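Residue-level listing of the chains:
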2 protein chains.
Amino acid sequence: MTAHTASPAATGHIPVLVDHAELHAALTGLLRGHGIPDHRARLAADALCHGDLTGLDSHGVFNLTRLYLPLLRSGRCDPRAEPRTLTDLGACAVVDARRALGLWAAAEAMDDAVARARRHGIGLVSVRGATHFGCAGFHAVRAAHAGMIGVVASNCGGQRIARPPGGALAMLGTNPLSVAAPALDGHPFLLDMSTTVAPTGRVRVAARRGTPVPAGWLEDATGTPVTDPSAFDRGEAFLRWLGGTPDTGAYKGYGLGIAVELLAAVVSGAAVGPDPAALEGDGRPHGRDDDIGFFLLALAPDVLRPGADVAGTTRSLFGALTDCPPVPGGQPVRYPGWWEAELAAERRRDGVPLPPHLYEELAGLGLFGRSGSRSPR
Amino acid sequence: MTAHTASPAATGHIPVLVDHAELHAALTGLLRGHGIPDHRARLAADALCHGDLTGLDSHGVFNLTRLYLPLLRSGRCDPRAEPRTLTDLGACAVVDARRALGLWAAAEAMDDAVARARRHGIGLVSVRGATHFGCAGFHAVRAAHAGMIGVVASNCGGQRIARPPGGALAMLGTNPLSVAAPALDGHPFLLDMSTTVAPTGRVRVAARRGTPVPAGWLEDATGTPVTDPSAFDRGEAFLRWLGGTPDTGAYKGYGLGIAVELLAAVVSGAAVGPDPAALEGDGRPHGRDDDIGFFLLALAPDVLRPGADVAGTTRSLFGALTDCPPVPGGQPVRYPGWWEAELAAERRRDGVPLPPHLYEELAGLGLFGRSGSRSPR
């Protein structure tokens, strides 16, 4: 693979630009090498690249050596898993992913939900026994590409990361939620959020960079804001729920986190975070994200309202939002997904910037071939 | 109706306690007097009382003279409306409420969604042509009482209340979202939230009381926090989205607000807020909440996973949360809906406290009978 950097040395803070198609091919090859069938390896590579293309750098190839390769190497993920449908009621199915890689298993399940919505107006595929699926939005936007509304949620299996407001122990994951829909051409609406203020990945990316996080992401045991991201993995700072403090909606973020646990894990029968069975023998949470549950919902307004101009309505809705005048001196008004689509187009054309340490890490896996050539941008 | 107050005069700030059953009967009679059939008048009274029982005072009888009676008197709500099913695909239906009172129309639609979920595992009733439904949680918790997970969303019709982050014009409503599920006995999980930090009703209750709102609810045109609630109706302060500032997740709250618009209005074909047709001839938003859309979804884990102990799983999940030790000196850890259920039980037993001005306002409607007797508590 050819990589480009502003400096010939992949050190310091100057990102290395790698070609998207070559990065994708290299990731596909790596995953295939771990025993994942070709079409599923390609789908998983799509899911990984989605993070780096759209600027969700904490949920892309950054997680290859942190999450996915350890899952495959330890056998906690089965590269050849064939998901099994446990219940099929037409509009709705429950699927056991049988330790499949969530990166492709969630995408296939969403495509199944879309097919069900085409017949029934609504389609739900509820998945258990899965592993980490990357960016929730990668899976939700598949429904938007099919002209539908997609809703995706995932719990974090038995992993406990965030404390209830006023609680002294972590009980729930960062429980992502995503909603996608067709909007303006080439710019689908795409909300992709953790139900905490920030996901752990963004905190760890900041810790690795040595840059502070905004006040409001983390707090210490007394509720005082913490801006040093490294305090999180030292156990000295805790993620706040979306909403911040109880006065400004922390119970809403906490409630959304619980809602995701219900939709993703209780519907499917996956492991739930706040379950005594998720504790080690010593009573401490084991922190493993095995047996994750997914909620993949597709809604087809065109099927529910035949003859209606749904695409016209959504274009009008999102057009009105982007026509909203900004406050004096402000950026143009957009909607979630708009800037991400712009960035993805730019990175597909110009290359995906990888921090030097990440580039070196991936090069160490042989991802960039023998030459590993790179040249100034 | 007998009312009790700590002082014989319903003035000042000491609330008047009114008996719940009598308040409910009086509301039913009043709505029946406006032409609403008896069983639907009772259901609407249930919905109104839910707000006052659970402490969501801004969404209960407070809105009778502000929202519901003006809707009925102006003819914008048809008291005898019979909702019509436009599409029925089994798991999913689209219904035109034909200007019915949302307080009962949403409840009936949720009961329909529950019946569909009993057969198909999932049930969605998508409603358009409706009017304000009161507390979203009243409708969502009906699914929980049936052993299911309920998800409810409503847009605000063509009404524009909140500005996009960085936008100079209001474009969307406060777009409520609610999720409910069985949890610990008598204490269902019940998240009931506006996608803005606070709904307009809570701001107006504070303005009426003359008490400041917490910093973080409102901001002026430059983004500076405002704590004077009366600045909102003067057009000098604007609601923030859940998440607060862009650094701490304002785009998530804004995205959730758009997601509600899609689920409630684009699926059903109701009026959408950011639509040029929602402007008056002079280009200003008309601010009316006609043609509201609802999204009422029921999920039945017991149907999807026959034989599984779903109730045991949810009891274990919520039991673990309430077993979480609090931070030193803190309140016990609970979940959304727990305190509301406690308060409702107390108020069913001891009476519903109404602020004196609200009591007088309702008494002026003849709601408390000829005697209007009240005695010190």
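Section: empty space enclosed by the protein
Using the criterion set out here, one finds two cavities of 30 Å³ or more in the structure. Estimates place the volume of the largest cavity at around 250 Å³. Together, 18 residues line the largest cavity, and Val151 and Leu177 of chain A together with Val151, Leu177 and Leu263 of chain B are the ones closest to its centre. Of all the secondary structure elements, the ones that give two or more residues to the lining of the largest cavity are strand E7 (177-184), helix H8 (250-266) and strand E12 (292-299) of chain A together with strand E7 (177-184), helix H8 (250-266) and strand E12 (292-299) of chain B. There is about 80 Å³ of room inside the second largest cavity. In terms of lining, the second largest cavity is formed by Asp57, Phe62, Val205, Arg208, Arg209, Pro355, His357 and Leu358 of chain A. Secondary-structure elements contributing two or more residues to the lining of the second largest cavity are helix H6 (200-209) and helix H12 (356-364) of chain A. Considering each element in turn, the lining of the second largest cavity owes the most residues, three residues, to H6 of chain A. Of the residues in the lining of the second largest cavity, the class split is four nonpolar, one polar and three charged.

Remarks on the relation of the copies chain A and chain B
Superposition of chain A onto chain B requires a rotation of 180° combined with a translation of 0.0 Å along the rotation axis, giving an RMSD of 0.0 Å. These values place the two chain copies in the arrangement generated by a two-fold rotation axis. When C-alpha positions in chain A are compared against the rotation axis, the closest is assigned to glycine 243 of chain A, at 2.2 Å. Taken as a fraction of all interface residues of chain A, those also at the interface in chain B reach 100%, which identifies the copy contact as same-surface.

Considering the interface of chain A and chain B
Opposite the 81 residues of chain A that make contact, chain B presents 82 residues. With both chains or domains summed, chain A and chain B bury close to 6,100 Å², and 78% of this area falls on carbon and sulfur atoms. If you look at where chain A meets chain B, you find zero salt bridges. At eleven residues, the largest contribution of residues to the side of chain A that touches chain B is made by H8 of chain A. Split into classes, the residues belonging to the side of chain A that touches chain B amount to 56 nonpolar, 17 polar and eight charged.

A few points about the sheet that holds strand E3 (residues 84-88) of chain B
Residues and elements named next belong to chain B. If you trace the seven strands from one edge of the open sheet to the other, you get E3-E4-E5-E12-E6-E7-E8, paired in mixed fashion. One side of each edge strand has no neighbouring strand; the edge strands of this open sheet are E3 and strand E8 (187-193). For this sheet, the mean inter-axis angle between neighbouring strands, taken without regard to orientation, is 15°. In terms of strand pairing, strand E4 (residues 92-96) meets strand E5 (residues 122-130) through five bridges, oriented parallel. Bridge pairing in E5 places valine 95 opposite valine 127.

Examining H6 of chain A
All names here are of chain A. For H6, the complete set of buried residues consists of Thr200, Gly201, Val203, Val205 and Ala206. Contact partners of the buried residues in H6: strand E9 (218-219), helix H7 (230-233) and strand E11 (238-239). Directly after H6, the chain includes glycine 210, whose backbone phi takes a positive value near 75°.

Some points on the side chain of threonine 87 of chain A
Within the secondary structure, threonine 87 of chain A is located in strand E3 (residues 84-88). Polar side-chain contacts of threonine 87 of chain A include one of 2.7 Å to the backbone oxygen of leucine 304 of chain B. Setting aside anything within four residues of it in sequence, one finds threonine 87 of chain A in contact with Cys92, Ala93 and Val94 of chain A together with Leu304 and Pro306 of chain B.

Looking at helix H5 (residues 136-145) of chain B
Residues and elements named next belong to chain B. Burial of H5 is extensive: eight of the ten residues sit out of reach of the surface. Residues Ala136, Gly137, Phe138, His139, Ala140, Val141, Ala143 and Ala144 constitute the buried set of H5. Of the residues one or two after H5, glycine 147 is the one with positive phi, at around 80°.

Structural notes on the pattern of salt bridges
Residues and elements named next belong to chain A. Evaluated as defined, the whole model comprises 32 salt bridges over all chains. Note that arginine 66 is salt-bridged to glutamate 361, the shortest N-O span being 3.3 Å. With arginine 66 in helix H3 (residues 64-74) and glutamate 361 in helix H12, the pair connects residues that are 295 residues apart, well separated along the chain. Exposure remark for glutamate 361: the relative accessible area of 22% places this residue in the partly exposed category. Residue glutamate 236 pairs with arginine 234 through a salt bridge whose shortest N-O separation is 3.1 Å. Given a relative accessible area of 43%, glutamate 236 falls into the partly exposed group.

What to know about the packing of aromatic side chains
According to the stated counting rule, one finds 14 aromatic pairs over all chains in the structure shown. For the pair tryptophan 338 of chain A and tryptophan 339 of chain A, a centre-to-centre distance of 5.0 Å together with 80° between the ring planes defines the contact as edge-to-face. Ring geometry for tyrosine 251 of chain B against tyrosine 254 of chain B: centres 6.3 Å apart, planes inclined by 70°, an arrangement best described as edge-to-face. Within this pair, tyrosine 251 of chain B and its partner tyrosine 254 of chain B are both found in helix H8, separated by three residues, close to a single helical turn.

Looking at the packing of helix H4 (residues 102-120) of chain A against helix H5 (residues 136-145) of chain A
Residues and elements named next belong to chain A. Relative orientation of the contacting elements H4 and H5 amounts to 25°, with a least axis distance of 9 Å. Taken together, the axes of H4 and H5 are roughly parallel relative to one another. Considering the relative orientation of H4 and H5, their crossing is right-handed. Facing H4, whose interface residues are Gly102, Leu103, Ala106, Ala107, Met110, Asp111 and Val114, H5 presents Phe138, His139, Ala140, Arg142 and Ala143.

Digging into the environment of tyrosine 251 of chain A
A relative accessible area of 39% means that tyrosine 251 of chain A is categorised as partly exposed. Distance in space between the C-alpha atoms of tyrosine 251 of chain A and alanine 308 of chain A is 38 Å, their sequence separation being 57 residues. The contacts of tyrosine 251 of chain A, once residues within four sequence positions are left out, are Pro165 and Pro246 of chain A together with Leu191 and Pro336 of chain B.

With respect to the pairing of E8 of chain B
Residues and elements named next belong to chain B. Of all the seven residues making up E8, six are buried; the element is thus mostly covered by neighbouring parts of the structure. Strand direction decides the pairing type here: E7 and E8, joined by six bridges, are antiparallel. Within the sheet, the bridge partner assigned to alanine 181 lies in E8 and is phenylalanine 189.

Re the nonpolar core
Membership of the largest hydrophobic core comes to 90 residues, with the highest contact counts inside it found for Ile122 and Phe189 of chain A together with Ile122 and Phe189 of chain B. Ignoring sequence-local partners within four residues, the contact set of isoleucine 122 of chain A consists of Ala91, Arg116, Ala117, Leu297, Ala298 and Leu299 of chain A together with Ala91, Cys92, Ile122, Leu124 and Leu297 of chain B.

About the cut-offs
- Residues numbered from 1 in each chain as written.
- Chains lettered and ligands numbered in written order.
- Predicted model: local features only at pLDDT ≥ 70, side-chain atom pairs only at ≥ 80, totals over all residues.
- Heavy atoms only, no water.
- 1 Å grid on protein atoms, 1.4 Å probe; cavity = no way out; pocket = protein on both sides within 12 Å on 5 of 7 lines; lining within 4 Å.
- Points joined across faces, edges and corners; volume = space filled by probe spheres on them.
- Helix = DSSP H or I, 4+ residues; strand = E, 2+ residues; numbered from the N terminus.
- Nonpolar A, V, L, I, M, F, W, Y, C, P; charged D, E, K, R; others polar.
- Least-squares fit on C-alpha atoms with pLDDT ≥ 70 in both.
- Contact = heavy atoms within 4.5 Å.
- Buried area = accessible area lost by both parts, 1.4 Å probe.
- Salt bridge = Lys/Arg side-chain N within 4 Å of Asp/Glu carboxyl O.
- Pairing = 2+ DSSP bridges.
- Axes fitted to C-alpha atoms, helices over the stretch in contact; angles between N-to-C directions.
- Buried < 20%, exposed > 50% of the residue type's maximum accessible area, 1.4 Å probe, protein only.
- Polar contact = N/O pair within 3.5 Å; in protein donor to acceptor, adjacent residues only side chain to side chain.
- Phe/Tyr/Trp six-rings, centres within 6.5 Å; stacked < 30°, edge-to-face > 60°.
- Parallel < 35°, antiparallel > 145°, perpendicular 65-115°, else oblique.
- Left-handed = near helix turned anticlockwise from the far one by under 90°.
- Core = buried A, V, L, I, M, F, W, Y, C linked by side-chain atoms within 4.5 Å.

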